[in-house]
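Letter by letter, the chains look like this.
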Amino acid sequence: MCFSVHHIRSHPSRSRPSRHLLFVFVRTHSAVQGTPLSATLSLVMSQCCRKIKDTVQKLASDHKDIHSSVSRVGKAIDRNFDSEICGVVSDAVWDSREKQQQTLQMAILEHLYQQGMLSVAEELCQESTLNVDLDFKQPFLELNRILEALHEQDLGPALEWAVSHRQRLLELNSSLEFKLHRLQFIRLLAGGPEKQLEALSYARHFQPFAHVHQREIQVMMGSLVYLQLGLEKSPYCHLLDNSHWAEICETFTRDACSLLGLSVESPLSVSFASGCVALPVLMNIKAVMEQRQCSGVWSHKDELPIEIELGMKCWYHSVFACPILRQQTSDSNPPIKLICGHVISRDALNKLINGGKLKCPYCPMEQNPADGKRIIF
Ligand SMILES: [Zn+2]
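Residues numbered from 1 in each chain as written. Predicted model: local features only at pLDDT ≥ 70, side-chain atom pairs only at ≥ 80, totals over all residues. Heavy atoms only, no water.

Quick look at the overall build of the protein chain now. Secondary structure summary: the protein chain contains 14 helices and 6 strands in total. Taking all 377 residues of the protein chain together, the buried fraction comes to 30%. For the protein chain, restricting intrachain contacts to residue pairs at least 6 apart in sequence, the fraction spanning at least 24 positions comes to 55%. By element, 55% of the accessible surface of the protein chain is carried by carbon and sulfur atoms, the whole surface being about 25,300 Å². (Helix = DSSP H or I, 4+ residues; strand = E, 2+ residues; numbered from the N terminus. Buried < 20%, exposed > 50% of the residue type's maximum accessible area, 1.4 Å probe, protein only. Contact = heavy atoms within 4.5 Å. Areas by Shrake-Rupley, 256 points an atom, 1.4 Å probe, with all protein chains shown as cover.)

In this section: the sheet that holds strand β5 (residues 366-367). Pairing in this open sheet of 3 strands is antiparallel, and the strands run β3-β4-β5 from one edge to the other. Every other strand in the sheet has two partners, leaving β3 (353-354) and β5 as the edge strands with one partner each. Sheet analysis places β3 next to strand β4 (residues 357-359), joined by 2 bridges and oriented antiparallel. Opposite Asn354, over in β4, you have Lys357 as the bridge partner. (Pairing = 2+ DSSP bridges.)

Attention now moves to the coordination of the zinc ion. At this site the zinc ion is bound by Cys340 (SG), His342 (ND1), Cys360 (SG) and Cys363 (SG), with donor distances of 2.0 to 2.3 Å. Classification of the site at the zinc ion as tetrahedral follows from its 4 donor atoms and the range of 103 to 115 degrees in their angles at the metal. (Donors = N, O, S within 2.8 Å, 3.2 Å for Na, K, Ca; no water. Tetrahedral: all angles 85-135°; square planar, octahedral: opposite > 155°, others 65-115°.)

Here the focus is the packing of helix α9 (residues 176-190) against helix α12 (residues 243-260). At a closest axis distance of 10 Å, the pairing of α9 and α12 adopts a crossing angle of 155 degrees. Classified by the angle their axes make, α9 and α12 are roughly antiparallel. With respect to the hand of their crossing, α9 and α12 are arranged in left-handed fashion. In contact with Leu176, Lys179, Leu180, Arg182, Leu183 and Arg187 of α9, α12 contributes His244, Trp245, Glu247, Ile248, Thr251, Phe252 and Asp255. (Axes fitted to C-alpha atoms, helices over the stretch in contact; angles between N-to-C directions. Parallel < 35°, antiparallel > 145°, perpendicular 65-115°, else oblique. Left-handed = near helix turned anticlockwise from the far one by under 90°.)

Turning our attention to the sheet that holds strand β1 (residues 335-337). An order of β2-β1-β6 is seen for the 3 strands of this open sheet, with the pairing classed as antiparallel. Strands with a single pairing partner mark the edges of an open sheet, and in this sheet they are β2 (343-345) and β6 (373-374). One ladder, built from 2 bridges, connects β1 with β6; its direction is antiparallel. Across the sheet, the residue bridging to Lys337 is Lys373, located in β6.

One non-glycine residue, Gln153, adopts positive backbone phi at about 60 degrees. Looking at where Gln153 falls in the secondary structure, it is placed in the loop between α6 (134-151) and α7 (156-164). Residue classification places Gln153 among the partly exposed positions, given a relative accessible area of 30%. A positive phi angle is found at Asn173, which is not glycine, with a value near 60 degrees.

Topologically, Gln114 is positioned in helix α4 (residues 97-114). For Gln114, a relative accessible area of 16% corresponds to the buried category. Apart from the residues within four sequence positions on either side, Gln114 is in contact with Phe140, Asn144, Cys257, Ser263, Val264, Glu265, Ser266 and Pro267.

Here the focus is the pattern of salt bridges. Per the counting criterion, the structure on display carries 8 salt bridges. A salt bridge links Lys195 to Glu198; its shortest N-O distance comes to 3.5 Å. We classify Lys195 as partly exposed; its relative accessible area is 30%. Glu198 sits in the partly exposed class, given a relative accessible area of 42%. (Salt bridge = Lys/Arg side-chain N within 4 Å of Asp/Glu carboxyl O.)

Put into structure tokens, the structure is as follows:
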């Protein structure tokens, strides 16, 4: 006999002892067929059987634990993912099914271009019916090319771009070009004393920025003193920090997007994030509306039934609510500035006209309704 009860006992893992026991049992069974069991063997056998029974029982109860957890997963999914999400969206928002599909495809495409997933975007263009001209993708292609170079710590393309857009960048109060020159300078400094002359000569690029970035330029000039010693052992070691590269990518993306009229984050990801915040609120309000049988209040067109706070990050345009009608103004009912300076919505203005004249509801200045000017936020 070559089985060992000790060996089985010393095994703490769950699946192995039972398999081992089975193996032992089969071997024992075939070996003892037709032979009466000795007292020791009988004891070992009964121990074995008890062990098997315990293990099977333990397995069954373990499975019961797992089973209850697994069955709870289904309930958790049902609770957190509402299949009735379509209830808060109305097809009436779209002029047509084609328009809806086209808008969605364009949003996905823009997102892909923005994320630098150019080959995926090209594939989508081919597979969909979208007709995207070069003017649309050109800015994304250019940004991605420059960003890729920056990730490789190649400042050339970014510097070239910044210099060619210098005037417009200055109008945006951008310090991109200065930051690029600074990084190039730091790079030369990292080359040690033999790069000193080159660094000094490069410093002339800082001249146009002297009045705005005086402090930073002083720091860089100060660092030259420690070139012999090694910048990494000097008080200026922070200049060599790798975070400058991450920062320059961020600055470039932000400033280039703003210059090219693109959003830093793709409209699709902003919409998705906003939807995640807004959907639960909308689902709740819809349920309340249905309970009170006033679902007709929400037309689904250009408006939400309640205001949903999305946080400062999602503040893009100011909105104006008419102080007379207490409604948010829209393209069809825009805000109008009266000559006295007070602003009301056009619908309110039309309602207040009396005998071809308008009397401002705030300062009772009488005026010609045609003198009101539309305000665009
Ligand atoms: Zn007024």
